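The residues making up each chain are set out below.
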Amino acid sequence: MSDILRRGRLSSTPDEKIHKFTSSMIDDAWIFDADILVDMAHTIMLYEQEIIKKEDCVSILSSLLKIRDEGIEKLDWSYEDIHISLESRLIDMVGEDIGGRMHSGRSRNDEVATCIRLVLRNQLLDLMDEINTLRESLLITASENLKTIMPGYTHLQHAQPTTFAHHLLAHTGALKRDFGRVLDAFSRINMCPLGAAAFASTGFDIDRSRTRELLGFEGIVENSMDAVSTRDFLIEAAFVCTNIMLNLSKMAEEIILWSTSEFNFIELDDQYASTSSIMPQKKNPDTAELIRGKCGVATGSLMSLITISKSLPLSYNRDLQEATPNIWKCVETTTTSLLIMAGMISTMKINKEAMELQSVNGFTTATELADTLVRVSGIPFRTAHQIVGMIAKDGHVPTLEIIDDAAYSVMQKKMSDLGLTEDIVHEALDPHLNIDRRKAAGGPASNEVLRCIGSGKDDLVSD
Ligand code: ARG
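Residues numbered from 1 in each chain as written. Predicted model: local features only at pLDDT ≥ 70, side-chain atom pairs only at ≥ 80, totals over all residues.

The name given to the protein chain in an unreviewed UniProt entry is Argininosuccinate lyase, with Methanosalsum zhilinae as the source organism. Turning to the protein chain, the UniProt record has this under Sequence similarities (unreviewed entry): "Belongs to the lyase 1 family. Argininosuccinate lyase subfamily." Recorded under Pathway (unreviewed entry), the UniProt text for the protein chain is reproduced unchanged: "Amino-acid biosynthesis; L-arginine biosynthesis; L-arginine from L-ornithine and carbamoyl phosphate: step 3/3." (UniProt positions renumbered as here; feature names shortened; annotations may be inferred.)

Novice: Got a minute to help me understand the overall build of the protein chain in this structure?
Specialist: Tallying secondary structure elements over the protein chain gives 19 helices and six strands in all. Computed over its C-alpha atoms, the radius of gyration of the protein chain comes to 31 Å, more than 25% above the 23 Å expected for a compact globule of 463 residues. Based on the C-alpha atoms only, the size of the protein chain along its principal axes is roughly 100 × 50 × 40 Å. Of all 463 residues assigned to the protein chain, the portion counted as buried reaches 41%. Sequence separation of at least 24 residues holds for 75% of the intrachain contacts in the protein chain that already meet a minimum separation of 6. (Helix = DSSP H or I, 4+ residues; strand = E, 2+ residues; numbered from the N terminus. Rg over C-alpha atoms; globule rule 2.2 N^0.38 Å. Buried ≥ 20, exposed ≤ 12 C-beta atoms within 10 Å, placed from the backbone. Contact = placed C-beta atoms within 7 Å.)

Novice: For this particular structure, what's the right way to read the UniProt feature "domain: Argininosuccinate lyase C-terminal" (unreviewed entry) in the protein chain?
Specialist: UniProt's feature table lists "domain: Argininosuccinate lyase C-terminal" (unreviewed entry) at residues 363-432, given in the numbering used throughout. Spanning residues 363-432, this segment combines 67% helix with 0% strand, and its end C-alpha atoms are found 14 Å apart.

Novice: Please clarify how the pairing of strand 2 (residues 157-163) should be interpreted in this entry.
Specialist: Two faces make up the sheet, and in a regular strand the side chains alternate between them. Taken together, the six bridges between strand 1 (residues 149-154) and strand 2 define a ladder with antiparallel strand orientation. For Met-150, the partnering residue across the bridge sits in strand 2 and is Thr-162. The antiparallel hairpin formed by strand 1 and strand 2 contains two residues in its connecting segment, where His-155 sits at a positive phi of about 55°. (Pairing = 2+ DSSP bridges.)

Novice: Explain the nonpolar core to me, please; I cannot follow it from the model alone.
Specialist: Nonpolar side chains in soluble globular proteins tend to be buried together. Among the nonpolar cores identified, the biggest contains 97 residues, and Ala-237, Cys-241, Leu-248, Met-341 and Met-344 are the most heavily contacted of them. Residue contributions to this core peak at 14 residues, all from helix 6 (residues 108-143). With residues near it in sequence (within four places) discarded, Cys-241 still touches Ala-298, Cys-330, Val-331 and Thr-334. (Core = buried A, V, L, I, M, F, W, Y, C linked by C-beta atoms within 7 Å.)

Novice: What exactly am I supposed to notice about the UniProt feature "domain: Fumarate lyase N-terminal" (unreviewed entry) in the protein chain here?
Specialist: Listed under "domain: Fumarate lyase N-terminal" (unreviewed entry) in the UniProt record, and renumbered for this structure, are residues 8-300. Helix makes up 60% of residues 8-300 and strand 6%, and the two end C-alpha atoms of the span are 40 Å apart.

Novice: Before we go on, may I ask you to explain the packing of helix 2 (residues 32-48) against helix 3 (residues 54-70) in this structure?
Specialist: The contact between helix 2 and helix 3 brings their axes to 9 Å, and the two run at 175°. Taken together, helix 2 and helix 3 sit at an angle that is classed as roughly antiparallel. Contacts from Asp-33, Ile-36, Asp-39, Met-40, Thr-43, Ile-44 and Tyr-47 of helix 2 reach helix 3 at Lys-54, Cys-57, Ile-60, Leu-61, Leu-64, Ile-67 and Arg-68. For the contact of helix 2 with helix 3, a count of residues per class yields nine nonpolar, one polar and four charged. (Axes fitted to C-alpha atoms, helices over the stretch in contact; angles between N-to-C directions. Parallel < 35°, antiparallel > 145°, perpendicular 65-115°, else oblique. Nonpolar A, V, L, I, M, F, W, Y, C, P; charged D, E, K, R; others polar.)

Novice: Where do I start with helix 16 (residues 400-411) in this structure?
Specialist: In an α-helix there are 3.6 residues to a turn, and that puts residues three or four apart on one side. Given a rise of 1.5 Å per residue, twelve residues ought to cover 16 Å, and the 16 Å separating the end C-alpha atoms of helix 16 matches this to within 8%. Taken as a whole, helix 16 has its buried residues at Ile-403, Ala-406 and Ala-407. Projection of helix 16 onto a plane perpendicular to its axis shows the buried side chains occupying an angular sector of 100°, all on one side. Buried-residue contacts for helix 16 involve helix 15 (381-394) and helix 17 (422-428). (Expected span 1.5 Å × (residues − 1). Arc of directions from axis to C-beta.)

Novice: How should I be thinking about the domain arrangement of the protein chain in this particular structure?
Specialist: You'll often see interface size given as the accessible area lost when the parts meet. As far as domains go, the protein chain holds domain 1 (16-104), domain 2 (109-146 + 154-196 + 225-358) and domain 3 (366-462). Spacing between the C-alpha centres of domain 2 and domain 3 amounts to 37 Å. Counting from both sides, the interface comprises 16 residues of domain 2 and, opposite them, 14 residues of domain 3. Residue composition of the side of domain 2 that touches domain 3, by class: six nonpolar, seven polar and three charged. (Domains from an automatic or database assignment.)

Novice: It is not clear to me how the environment of Met-344 should be interpreted in this structure. Could you clarify?
Specialist: Within the fold, Met-344 resides in helix 12 (residues 319-347). Residue Met-344 is classed as buried on the basis of its 24 C-beta neighbours within 10 Å. Spatially, the C-alpha atoms of Met-344 and Pro-285 are 10.0 Å apart, while their sequence positions differ by 59 residues. Every residue in contact with Met-344, bar those within four places of it in the chain, is listed here: Ile-255, Leu-268, Tyr-272, Thr-287 and Ala-288.

Novice: Where do I start with the site of the ligand in this structure?
Specialist: The environment of the ligand is made up of Ser-24, Asp-81, Arg-108, Asn-109, Val-112, Tyr-316, Arg-318, Leu-320, Gln-321 and Thr-324. Mapped by element, the contributors of at least two residues to the shell around the ligand are helix 6 and helix 12. (Near = placed C-beta within 6 Å.)

This is the structure:
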């Protein structure tokens, strides 16, 4: 088979090393089906615009379907990309007089940009599905843990009591925003560059709105130079994926910590764990570690895309070929990580006792005690903060007597003279009551969390 692009301006063919360096055939496997669709839409439009004859259109379309059924393996891999290899296969099947007409009025530049958008569009739909699967498993686990008390952390230090449900809802909030970002990116990806040709459109009387319609795009990328040059939509999609991976890496990190003997808050289902080849007792949270690691892969893809795009003069440059594989890796990694995370969450065992035991450790009720001093006595919060801080520093169990001593040294007044009783102190130190009192919007009180789970479920129905 002769190279149909090396019969005119070029005569010699690249040697093996040059071919491997320049060819995109391996990565083009991603766009094989899309390229057939793009070829078909373009061919139909050419016929409707009376640029090619009906019989030629019919034989091109039926051959394209045959090529699709034969699969990518049947193509000649010595070509520099899928587009030209596919065209060459078509010419082998129907002859150049017919097959050689398919490329009228277009270029590989608008062709490849259209293929990438077609594939990415579908991938983002899958990605959105997986975001929602994870949101759902978080909401289900949250509704089973409305009263599961745990310590909340800031700086990874025990801070205040919260519930496991409240903690999980923080992640659904982030995922809801991620969903919105994907949808937004989708709207800009769903635009058709086909018909821009090399960059300066074409003198053939093509109909860009018809190919747009056949391929189901929302609109066209209007300026023909912009249409073939831009890969901003890849950067945007990769950023959206990277942000999802950042969120997943935070969840993964928590799962890893919570699985340690020190925390012992959860136990992963065996499917999501590995053991050691030497230490027989080990149960390692490898899947969570891999999600954390794969966040780096997504970030790397985003950085590659940005760097490849930098300073490229208009219009098409072959550098762009290097950009494409990064998006496949990035979206695939993100979609799979979401799926794995959803499975991990819905199958893990939750050690409610260990969480509750830890929920008061480190004087997590100190804020509520200070708030109580303010509410009971009307002293300024800053003064109450100082009194409770002194008790915390001395490591005392805060009884009424201890509080009185601390208060006296700060204000020469006892809290008991200002209305504080042992019962009120007791209530302030009860983690369950701490949570019940935090019923402002978005707080951990169970009724409020229940309301948020309800609106999270409503969001899932509309998303
Ligand atoms: N493999 C190329 C890419 O991914 C296809 C477009 C080739 N265009 C060209 N003028 N050589 O960008």
